[in-house]
Amino acid sequence: MLAKQTGYLENQRLDTAIDAIVAVVNSLVEKAGIARDKLLGLGVGLAGIVDAREGTLRHSPIFGWRDVPLAGLLISHLHVPVYIDNDVNTLTLTEQLFGVGQGIDDFLTITIGRGVGMGIVVNGQLYRGRHGGAGEIGHTVIDPDGPQCECGNRGCLETYVSDPHLLRMAHEAFARGEMPTDVTEVDELLALARAGNPAALAIYAQVGETLGRTIANLINTLNPMEIIISGEGMRAADFLEETLRATVARHVMTGLSGNIEIRIDFMSDDAWARGAASLVLQELFKTPLYRSELTPAISSIP
Ligand SMILES: [Zn+2]
């Protein structure tokens with residue numbers, strides 16, 4: 001890595017975000033000491049439904065944006081090829097190019113944290129689906145009468161294993177007198193689990209079981225060679241991994257369980273940024289036959 005920089009957005013307006021990205025790119029080119037014409041392109045990873053082929057952000061739950069032609073907007077400011085994709089897809093690319101997914105043709109990357117996401121690699125290629133929405137595993141339904149999800153439905157996987165859910169469960173445990181404090185941060189819940197609080201340990205065991213069932217379903221559906229579990233939620237791996245693995249073993253069909261590797265990989269924030277940059281590298285090393293899959297073709301740059 002030649003240079004890195006972190007920026008913060010003052011608000012959630014699109015023009016603010018565009019200006020911030022353009023400023024960071026210009027500053028990074030300067031910091032890295034490279035000539036502007038050596039910049040091969042910009043890769044952007046975003047949470048939400050991203051149509052990577054068209055370069056359009058279909059829906060961003062975080063920003064509340066819909067159908068934003070983000071790649072085109074950034075090209076008009078930066079005059080280099082711009083590639084955008086879902087951030088879990090870009091993380092999956094990092095694993096494929098530099099991480100534990102190297103040389104593996106069929107694998108899944110599942111991230112747990114504020115939400116739940118998944119990147120799918122089939123036959124060595126990232127599988128995005130028709131409009132880029134493949135991998136929204138967090139919104140598969142566990143219980144239609146379950147808790148309200150941010151997506152508008154009820155009882156999605158996310159409402160059982162994501163950080164906000166853990167805090168809700170902890171609050172309920174506190175109300176029953178099973179926890180000494182009414183925790184407001186996941187770090188506090190983790191500290192209680194480390195101290196051996198039975199209610200905190202029970203919450204993580206439940207998460208391990210729910211994730212284990214989901215992963216068994218995925219193995220039965222897709223028969224991957226490897227599953228990588230990542231995201232800040234895996235800081236609790238010590239408390240959920242055993243239940244997770246036991247649940248997977250219980251539910252995977254006989255004949256599918258052999259030779260599948262489940263890895264827990266703690267990836268840093270840098271890995272997500274590197275994944276976005278990998279979008280440019282991936283295009284560069286594609287054979288010309290496949291190169292036009294993602295927008296934009298260089299000739300379309302204004
Ligand atoms: Zn949902």
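## Some remarks on the sheet that holds strand β4 (residues 65-68)
Pairing within the open sheet is antiparallel, and its 3 strands lie in the order β2-β3-β4. Of all strands in the sheet, those with a lone pairing partner are β2 (49-51) and β4, marking the two edges. Strand-to-strand, the axes of this sheet are offset by a mean angle of 15°, without reference to chain direction. Relative to strand β3 (residues 56-60), β2 runs antiparallel, the two sharing 3 bridges. Bridge pairing in β3 places Asp51 opposite Thr56.

## Regarding helix α7 (residues 198-222)
With 25 residues, α7 ought to run about 36 Å at 1.5 Å a step, and its terminal C-alpha atoms sit 36 Å apart, in line with that. Taken together, the buried positions of α7 are occupied by Ala200, Ile203, Tyr204, Val207, Gly208, Leu211, Gly212, Thr214, Ile215, Ala216, Leu218 and Ile219. On its buried side, α7 packs onto β6 (107-112), α4 (158-161), α5 (163-175), α6 (186-194), β9 (226-230) and α8 (237-251). Positive phi appears at Asn223, one or two residues downstream of α7, with a value of about 50°.

## Brief notes about the sheet that holds β9
Taking strand neighbours across the sheet as the criterion, the 5 strands line up as β8-β7-β6-β9-β10 in an open arrangement whose pairing is mixed. Each of the sheet's edge strands pairs with one partner strand only, and the pair in question is β8 (125-126) and β10 (261-264). Pairing between β9 and β10: 4 bridges, direction parallel. From the neighbouring strand, Glu226 faces β10, where its bridge partner is Glu261.

Basis of the calculations
- Residues numbered from 1 in each chain as written.
- Predicted model: local features only at pLDDT ≥ 70, side-chain atom pairs only at ≥ 80, totals over all residues.
- Pairing = 2+ DSSP bridges.
- Helix = DSSP H or I, 4+ residues; strand = E, 2+ residues; numbered from the N terminus.
- Axes fitted to C-alpha atoms, helices over the stretch in contact; angles between N-to-C directions.
- Expected span 1.5 Å × (residues − 1).
- Buried ≥ 20, exposed ≤ 12 C-beta atoms within 10 Å, placed from the backbone.
- Contact = placed C-beta atoms within 7 Å.

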